[in-house]
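Chain and residue survey
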Amino acid sequence: MYKKRVKYYLSYSRSAYISINKRLLYVFCGASLVAISLQLFLVKNNVIDGGIVGVSIILSHISSIEIGLSLLLLNTPFFLLGYSYLGKRFLILSLFAISVLSMGTHVLEPYPSITNNPFLVIIIGGIILGLGVGIVIRFGGSLDGTEVLAILFSKRIPFSIGQIVLFFNFFIFSTSIFIYGLKEAVFSLVTFFIAYKTIDLTINN
């Protein structure tokens, strides 16, 4: 299973027949789902995503920096690293994905959260988030610097991308305790657990 997963993530053999236009369409849909999850479920309920997205949400909370701008600035070094190892197509699709996500979060920012029910926020928000991220990765891109690192590490260690990202995000969620509070940090961790399971299901099916 490990070798199959690595081959799927890091080679083009399983999906080489998919045109770049079709990939862009799927990546657009995936990034849009992530924007919907963030702005209409998670952020306004003080539930953060992990990785660079989570860091951007925290920065937006404590400063006037927009989430979209932080995403572009903080992800750039990781995408350049991804280009070195995963190629030009990965860079193009990732930059497109993060651009769609940045624009989507900006457009949806004025709208209120669809629900304030913690259970619905965690379940629905987590599933939509994981589905969106999984679609972007499945079709050759990435939305977050930690995903790039996870893709590269998954080539060398017997863990899934979702598991590796969850490990990285444990430290981000720990930091969020001091900004949002313990309850919100726990909600964030549970949400991402649901998201990471959805990521793996989306990629592997």
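Residues numbered from 1 in each chain as written. Predicted model: local features only at pLDDT ≥ 70, side-chain atom pairs only at ≥ 80, totals over all residues. Heavy atoms only, no water.

1. A few points about the overall build of the chain
What the chain contains, in helices and strands, is nine helices and zero strands. Counting from the amino terminus, the chain carries its helices and strands in the arrangement α-α-α-α-α-α-α-α-α. Over its C-alpha trace the chain gives a radius of gyration of 16 Å, about what one expects of a compact globule, namely 17 Å for 205 residues. Overall, the C-alpha framework of the chain stretches about 45 × 30 × 30 Å when taken along its three principal axes. In the chain, which comprises 205 residues, the share counted as buried stands at 51%. Within the chain, contacts between residues at least 6 apart in sequence are counted, and of these 78% link residues at least 24 apart. Carbon and sulfur atoms make up 71% of the accessible area of the chain, which totals about 9,900 Å². If the 15 positive side-chain charges of the chain are averaged to one point and the 7 negative ones to another, these points end up 19 Å apart. (Helix = DSSP H or I, 4+ residues; strand = E, 2+ residues; numbered from the N terminus. Rg over C-alpha atoms; globule rule 2.2 N^0.38 Å. Buried < 20%, exposed > 50% of the residue type's maximum accessible area, 1.4 Å probe, protein only. Contact = heavy atoms within 4.5 Å. Areas by Shrake-Rupley, 256 points an atom, 1.4 Å probe, with all protein chains shown as cover. Lys, Arg positive; Asp, Glu negative; His and termini not counted. Charge placed at Lys NZ, Arg CZ, Asp CG, Glu CD.)

2. As for the nonpolar core
Where a protein is soluble and globular, its nonpolar side chains tend to be buried together. Grouped together as the largest cluster of nonpolar side chains are 52 residues, with contacts concentrated most on L38, I57, L101 and L143. Breaking this core down by element, the ones donating at least two residues are helix 2 (20–42), helix 3 (51–62), helix 4 (67–86), helix 5 (88–108), helix 6 (118–138), helix 7 (145–153), helix 8 (161–180) and helix 9 (182–204). (Core = buried A, V, L, I, M, F, W, Y, C linked by side-chain atoms within 4.5 Å.)

3. Describing the side chain of Q39
Within the secondary structure, Q39 sits in helix 2. A distance of 2.7 Å separates the side chain of Q39 from the backbone oxygen of T105, its partner in a polar contact. With sequence-adjacent residues up to four places away left out, Q39 is seen in contact with K44, T105, L108, E109 and Y111. (Polar contact = N/O pair within 3.5 Å; in protein donor to acceptor, adjacent residues only side chain to side chain.)

4. Some points on the packing of helix 2 against helix 5
Taken N-terminus to C-terminus, the directions of helix 2 and helix 5 make an angle of 35°; their axes are 8 Å apart at the nearest point. Relative to helix 5, helix 2 is oriented so that their crossing is right-handed. The class makeup of the residues in the contact of helix 2 with helix 5 is 16 nonpolar, four polar and two charged. (Axes fitted to C-alpha atoms, helices over the stretch in contact; angles between N-to-C directions. Left-handed = near helix turned anticlockwise from the far one by under 90°. Nonpolar A, V, L, I, M, F, W, Y, C, P; charged D, E, K, R; others polar.)

5. Here we look at the packing of helix 4 against helix 5
It is at 9 Å that the axes of helix 4 and helix 5 come closest, and there the two elements cross at 170°. What the angle tells us is that helix 4 and helix 5 run roughly antiparallel. Between helix 4, through G68, L71, L72, N75, F79, G82, Y83 and L86, and helix 5, the contact on the second element is made entirely by K88, F90, L91, S94, L95, I98, L101, S102 and T105. Looking at side-chain class alone, the contact of helix 4 with helix 5 contains 10 nonpolar, six polar and one charged residues. (Parallel < 35°, antiparallel > 145°, perpendicular 65-115°, else oblique.)

6. Describing the packing of aromatic side chains
A full pass over the atoms with the stated rule returns three aromatic pairs. Ring geometry for Y26 against F139: centres 4.1 Å apart, planes inclined by 5°, an arrangement best described as stacked. In this pair, Y26 is assigned in helix 2 and F139 in the loop between helix 6 and helix 7, connecting sequence segments 113 residues apart. Their ring planes at 55° and their centres at 6.1 Å tell us that F173 and F192 sit as a pair that is tilted. In this pair, F173 is assigned in helix 8 and F192 in helix 9, connecting sequence segments 19 residues apart. (Phe/Tyr/Trp six-rings, centres within 6.5 Å; stacked < 30°, edge-to-face > 60°.)

The values are spatial; any link to function lies outside them.
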